[in-house]
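Coordinate inspection notes
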Amino acid sequence: EVQLVESGGGLVQAGGSLRLSCAASGFTFEAYAIGWFRQAPGKEREEVSCISNKDGSTYYADSVKGRFSISSDHAKNTVYLQMSRLEPEDTAVYYCTAVYDYGSEWYYKLISLRDFGFWGQGTQVTVSS
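Residues numbered from 1 in each chain as written. Predicted model: local features only at pLDDT ≥ 70, side-chain atom pairs only at ≥ 80, totals over all residues. Heavy atoms only, no water.

Examining the environment of M83
With respect to the secondary-structure elements, M83 resides in strand β8 (residues 78–83). A C-alpha to C-alpha distance of 7.8 Å links M83 and L20, two positions 63 residues apart in sequence. Setting aside anything within four residues of it in sequence, one finds M83 in contact with G16, S17, L18, L20, R67, F68, Y94 and V125. (Helix = DSSP H or I, 4+ residues; strand = E, 2+ residues; numbered from the N terminus. Contact = heavy atoms within 4.5 Å.)

And the structure:
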């Protein structure tokens, strides 16, 4: 059974930091791409950052580039999202998702993660102004 459990969300002031965790189980961690998406009320879900556990390549949305950093701990089957210089616009529920990595380019990985991935329950991030 595929399971993804997000944690680490909370309430922080603008400019602060949080580290989100995505604990994975039920699949071969090293063969999957794992990504973070977020959704704010009234808005569509958007990709934030993703990592391929096969080759270590990463993706960052322009809105978070330079502020967020994604990493993968294969010993713990856990993906982290280090978030710094947080802004009120970062307020959202953050979800972890995973898809088998067939080696496609990131454009197709992102589509697969969004539309076909296994999703966790999400963790709330609130950034006060």
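From this point, the narrative continues.
Overview of the side chain of N53
Tracing the backbone shows N53 in the loop between β5 (46–52) and β6 (58–60). For N53, a relative accessible area of 6% translates into the label buried. One polar contact links the side chain of N53 to the main-chain carbonyl oxygen of F29, over a distance of 3.0 Å. Within polar-contact distance, the side chain of N53 engages the side chain of S72 at 2.8 Å. Apart from the residues within four sequence positions on either side, N53 is in contact with F29, E30, Y32, I34, S72 and H74. (Buried < 20%, exposed > 50% of the residue type's maximum accessible area, 1.4 Å probe, protein only. Polar contact = N/O pair within 3.5 Å; in protein donor to acceptor, adjacent residues only side chain to side chain.)

Some thoughts on the nonpolar core
Side chains that are nonpolar tend, in soluble globular proteins, to be buried together. Counting residues in hydrophobic clusters, the biggest one holds 30 residues, and the most contacted among them are W36, L81 and Y94. Of all the elements in the fold, those that place two or more residues in this core are β3 (18–25), β4 (32–39), β5, β7 (68–73), β8, β9 (92–100) and β11 (123–128). Those residues in contact with Y94 that sit more than four places away from it in its chain are E6, L20, W36, F37, R38, V48, F68, L81, M83, G122, T123 and V125. Judged by nonpolar contacts, the second largest core, of seven residues, contains A33, C50, L110 and L113. (Core = buried A, V, L, I, M, F, W, Y, C linked by side-chain atoms within 4.5 Å.)

Some remarks on the state of the cysteines
Tallied over the full model, the rule gives one disulfide. Here C22 connects covalently by a disulfide to C96, the sulfurs 1.9 Å from one another. Between C22 and C96 the disulfide shows an S-S torsion of about -75 degrees. By sign, it is left-handed. Taken together, the positions of C22 in strand β3 and C96 in strand β9 put the pair 74 residues apart, joining distant regions of the chain. The same class applies to C22 and to C96, which are both buried. You can see C50 has no disulfide; the closest cysteine sulfur is in C96, sitting 9.5 Å from it. C50 sits in the buried class, given a relative accessible area of 0%. (Disulfide = S-S within 2.5 Å.)

As for the packing of aromatic side chains
One pass over the full model with this rule turns up seven aromatic pairs. Note on Y95 and W119: the rings are 6.1 Å apart at their centroids and 85 degrees apart in plane angle, and the pair reads as edge-to-face. Of this pair, Y95 sits in strand β9 while W119 sits in strand β10 (residues 118–119); the two residues are 24 residues apart in sequence, bridging distant segments of the chain. Its relative accessible area of 17% is what places Y95 among the buried residues. For W119, a relative accessible area of 26% gives the class partly exposed. A centroid spacing of 5.1 Å and a plane angle of 90 degrees characterise the contact between Y107 and Y108, whose relative ring orientation is edge-to-face. With a relative accessible area of 56%, Y107 lands in the exposed category. Seen from the ring of W119, R45 lies directly overhead, with NZ or CZ sitting 4.2 Å from the centre. One cation-aromatic arrangement involves K109 over W106; the distance from NZ or CZ to the ring centre is 5.5 Å. (Phe/Tyr/Trp six-rings, centres within 6.5 Å; stacked < 30°, edge-to-face > 60°. Lys NZ or Arg CZ within 6 Å of the ring centre and 35° of its normal.)

Interpretation note: all reported values are geometric properties and have no functional meaning in isolation.
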